[in-house]
Amino acid sequence: MRKVQFTETVLRDANQSLIATRLPYDVYEPILEKIDQAGYYAVECWGGATFDVCLRYLNEDPWERLQKLRKKLPNSKLQMLLRGQNLLGYKHYPDDVVRKFVECSVKNGIDIIRIFDALNDLTNLKTAIEETLKWGAVASGTICYTTSPVHTLDNYVKMVKEMKRMGVSSICIKDMAGIMGPKEAYDLVSAIKDAVDLPVDVHTHCTTGLAFMTYLKAVEAGADIIDTAISPFSGGTSQPATETMAYALKQMGYEVTTDDAVLKEIADFFKPVRDGYIADGTLMPKSLTTDTQCLTYQVPGGMLSNLMSQLKMMNALDRFDEALLETPRVRKDLGYPPLVTPTSQMVGVQAVQNVLAGERYKNVSKEIVAYCRGEYGRTPAPIDPEVQKKVLGGEEPLTGRYADTLEPAFEKTKAQLGDMARCDEDVLSYIAFPSLAEKFFEDRRAREENVATYTIEEV
Ligand code: CO
């Protein structure tokens, strides 16, 4: 009997996809003991947007959250999602910062780091993979799944072989928009399994309704791990339900390691939590529905609503069809980037600009200029030379890796912060989100001073 394992996403991706990552640690702490006993392959609980949201909205120290998770989940592998050279932010960081960030993540309790790059440029994964291996954690080399004339099985296989040479311990196929169909999954997993002897983890979203079929065919092709969310936080823009996949796969004769009784207890815990977020409007009904438009236009669901709200703001909603047609053309001009943060936003905004200005690439954002200069990495296909020339206005694009042009920043920032940072983790929070971290440090101090005063009065 072949074994299929599950990575539970409720604490990270399901939380991020359905309720904009607003779950505070204290809300889910009571159920961690059960999660630890459920028989998951791993618990995805950190990284992605959790870091930003902890500081920005929850007044939580993301590092302290990780330490608490580690303590409460002693038997589980803790997984985080890392945007390669972007870490958990939105720009590229110098290598010394990437190294320190990975080191601190592992030292504070992370076991598996899933590392991806928005352009699938492997030079942006190199430093993070090296450092993950150095500290003894699992480096999961990740493909951002997309479709285009250059995203062929051959090219994906080349990428996977190269990641294996770089030392990754497993391969993840990350389908952020839920556009990978069952046949595509079957063919891709089969091709990867033929090419390398590594565990394959498939990650998708229910957005278009394909996900359950996609997982089944991926498993038939040899996928070892699938990412699922406990039922109350599953479906819609989130992952397929853990219990449903466990039920179906067992019926199909696979060995499944999760414990049904424990899964039920976890589901019972999260039901009222979810209902609370529905009641207060954080979880919108739209996020739980199926949206097949992305299959027609090959544009992720989130991008469609962004296009619409941009046009609405400019009183130009009647140009929606034009903007929609322009989107794949911009993507082609830019060398077919996978549409994931931040490229999806960049392509969408540019499509709207091209339509409204009446001249293509007359107005361009500074992000598109940086992209054409090569600051985000090598694009899957070359950028259209005419477009690149127009955007750069004669300036030459970079030839090497952008991070190589960046000065080391960790020690310098640490010295500059002085007492404000109490540990290396604080320095990293500051480098990732300077103003958010500064405010968090001030609030933390104020909180402690209040407690101190109170204690003295008590005595
Ligand atoms: Co995801």
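It should be emphasised that the depicted structure is a prediction, and the values quoted were computed from it without experimental measurement.

Re empty space enclosed by the protein
Logical step 1: Taken as a whole, this structure holds three cavities of 30 Å³ or more when the rule is applied.
Logical step 2: When its volume is computed, the largest cavity comes out at roughly 90 Å³.
Logical step 3: Taken together, eleven residues make up the lining of the largest cavity; nearest its centre are Thr146, Ala177, Ile179, Pro300 and Leu339.
Logical step 4: For the lining of the largest cavity, a count of residues per class yields seven nonpolar, two polar and two charged.

Quick look at a nonpolar patch on the surface
Logical step 1: A cluster of nonpolar residues, Met313, Met314 and Leu356, forms a patch on the protein surface that exposes about 310 Å² of accessible area.
Logical step 2: Structurally, the position occupied by methionine 314 is in the loop between helix H14 (301–313) and helix H15 (320–333).
Logical step 3: On the basis of relative accessibility, which here comes to 40%, the residue methionine 314 falls in the partly exposed class.

A closer look at the layout of surface pockets
Logical step 1: A volume near 1500 Å³ is recorded for the largest pocket.
Logical step 2: Looking at the largest pocket, it is lined by 46 residues, and the ones nearest its centre are Gln16, Ser17, Thr237, Gly302 and Met303.
Logical step 3: Only helix H1 (13–19), helix H4 (50–58), H14 and helix H16 (343–357) provide two or more residues apiece to the lining of the largest pocket.
Logical step 4: No other element matches H14, which puts seven residues into the lining of the largest pocket.

Calculation notes
Residues numbered from 1 in each chain as written. Predicted model: local features only at pLDDT ≥ 70, side-chain atom pairs only at ≥ 80, totals over all residues. Heavy atoms only, no water. 1 Å grid on protein atoms, 1.4 Å probe; cavity = no way out; pocket = protein on both sides within 12 Å on 5 of 7 lines; lining within 4 Å. Points joined across faces, edges and corners; volume = space filled by probe spheres on them. Nonpolar A, V, L, I, M, F, W, Y, C, P; charged D, E, K, R; others polar. Patch = residues over 30% accessible without salt bridge, like charges linked within 9 Å, V, L, I, M, F, W, Y side chains within 5 Å. Areas by Shrake-Rupley, 256 points an atom, 1.4 Å probe, with all protein chains shown as cover. Salt bridge = Lys/Arg side-chain N within 4 Å of Asp/Glu carboxyl O. Helix = DSSP H or I, 4+ residues; strand = E, 2+ residues; numbered from the N terminus. Buried < 20%, exposed > 50% of the residue type's maximum accessible area, 1.4 Å probe, protein only.

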